[in-house]
Amino acid sequence: MSRVAHLRALIEHPSTGAGERAAAQRMLDRILSKSNSHAAMDGRSYGVRYERVGRHADLESIAEMIRDDLAFVRVVFDDAPHVGGPGPNEPALHDVIRDAPRGITYSVVSSPAENAIVITIEGVPGEWVGSEGVSPELKRLADELVALLNSYNHDGEQIGKRFFARVRTPHETLVW
């Protein structure tokens, strides 16, 4: 079963709880948005999840939804590639966040004073950060987390950012 089909089945299943259904819907939107552009008139751009939290949502509400998204990816899709594997004409499922090493965890905090939401990547393997700098794997993970943060954001000349999206490691070896 493809990831999209799995999410749709979860969303439509009558015994799926409201919170899990909402997280599944956000995840489905994220998958489907990778090929969509959500640009508005007047140079404004809105992330694909911008409407989910409403235009008056505070940073903590947005941070909570991001925490749910991260938990959903790690828990719901944890066994997805192992359950029969992809079909004969389906590509293997790969998600940078889900497929990160097991020791990696994420903390999401809102900082109203800085108007920012910060995801800290904890438990980064030593080989991902070394004397030669940041590994391509850690860079891809950070880029995916920034994309997740910005899916709740807006930007434009006249409106500015809703919040600043930051991703870092505990030792500040990586800051986006």
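Every value quoted in this text rests on a predicted model; they were computed, and no experiment measured them.

### As for unusual backbone geometry
In step 1: Although it is not a glycine, Asn115 sits at a positive phi angle of roughly 50 degrees.
In step 2: Mapped onto the fold, Asn115 is located in the loop between strand 2 (105–111) and strand 3 (116–122).

### What about the sheet that holds strand 7 (residues 164–168)?
Strands pair in a sheet through their backbones, by hydrogen bonds, and they do so in one of two ways: parallel or antiparallel.
In step 1: Spatial strand order, 2-3-7: three strands in an open sheet with mixed pairing. Each having just a single partner strand, strand 2 and strand 7 make up the two edges of the open sheet. Between one strand and the next, the sheet's axes are offset by a mean angle of 15 degrees, whatever the strand orientation.
In step 2: Here five bridges tie strand 3 to strand 7, and the two strands are oriented parallel to one another. Looking at strand 7, one finds that Val118 is bridged to Arg166.

### Topic: the environment of Ala63
In step 1: As for its placement among the helices and strands, Ala63 is situated in helix 4 (residues 59–76).
In step 2: Residues Ala63 and Ala116 lie 53 residues apart in sequence; the distance between their C-alpha atoms is 9.7 Å.
In step 3: With near-sequence residues (within four places) excluded, Ala63 lies in contact with Val108, Ser110 and Ile117.

### Quick word on the pairing of strand 3
In step 1: Of all the seven residues making up strand 3, six are buried; the element is thus mostly covered by neighbouring parts of the structure.
In step 2: Counted along the chain from strand 2 to the antiparallel partner strand 3, the turn is four residues long, and its residue Asn115 has a positive phi close to 50 degrees.

### Some details on the pairing of strand 2
In step 1: Pairing of strand 2 with strand 3 involves seven bridges; the strand directions are antiparallel. Bridging across to strand 3, Ser107 finds its partner in Thr120.

### Description of the confidence of the model for the chain
Interpretation of this model should avoid reading the predicted coordinates in detail wherever pLDDT is low.
In step 1: Of all residues in the chain, 67% have pLDDT values of 70 or greater, and the mean over the chain is 75.
In step 2: Note on residues 35–41: pLDDT under 50 across the span, and seven contacts to partners over four residues away in sequence or across chains.
In step 3: Across residues 80–86, confidence stays below pLDDT 50; counting only partners more than four residues off in sequence or on other chains, it has five contacts.

### Description of the pattern of salt bridges
In step 1: Within the structure shown, the criterion is met by seven salt bridges.
In step 2: Between Arg26 and Asp68 there is a salt bridge whose closest N-O contact spans 3.6 Å. Within this pair, whereas Arg26 is found in helix 2 (residues 18–33), its partner Asp68 is found in helix 4, the two being separated by 42 residues in sequence.
In step 3: Classification of Arg26 by relative accessible area gives buried; the value is 2%.
In step 4: The closest approach of N and O atoms between Asp99 and Arg98, which form a salt bridge, is 2.7 Å.
In step 5: Its relative accessible area of 2% is what places Arg98 among the buried residues.
In step 6: Look at the salt bridges and you will find they share partners, linking Arg26, Asp68 and Asp69 into a network.

### Re the nonpolar core
In step 1: One finds Ile66, Leu70, Tyr106, Ile117, Ile119, Leu141 and Leu145 to be the most contacted residues of the largest nonpolar core, which totals 35 residues.
In step 2: Those elements giving two or more residues to this core turn out to be helix 1 (3–12), helix 2, helix 4, strand 2, strand 3, helix 5 (136–150) and strand 7.
In step 3: Here this core gets eight residues from one element, more than from any other, and that element is helix 4.
In step 4: Setting aside residues no more than four positions away along its own chain, Tyr106 makes contact with Leu70, Arg74, Ile97, Ala100, Ile119, Thr120, Ile121, Leu141 and Leu145.

Calculation rules
Residues numbered from 1 in each chain as written. Predicted model: local features only at pLDDT ≥ 70, side-chain atom pairs only at ≥ 80, totals over all residues. Heavy atoms only, no water. Helix = DSSP H or I, 4+ residues; strand = E, 2+ residues; numbered from the N terminus. Pairing = 2+ DSSP bridges. Axes fitted to C-alpha atoms, helices over the stretch in contact; angles between N-to-C directions. Contact = heavy atoms within 4.5 Å. Buried < 20%, exposed > 50% of the residue type's maximum accessible area, 1.4 Å probe, protein only. pLDDT = per-residue confidence, 0-100. Salt bridge = Lys/Arg side-chain N within 4 Å of Asp/Glu carboxyl O. Core = buried A, V, L, I, M, F, W, Y, C linked by side-chain atoms within 4.5 Å.

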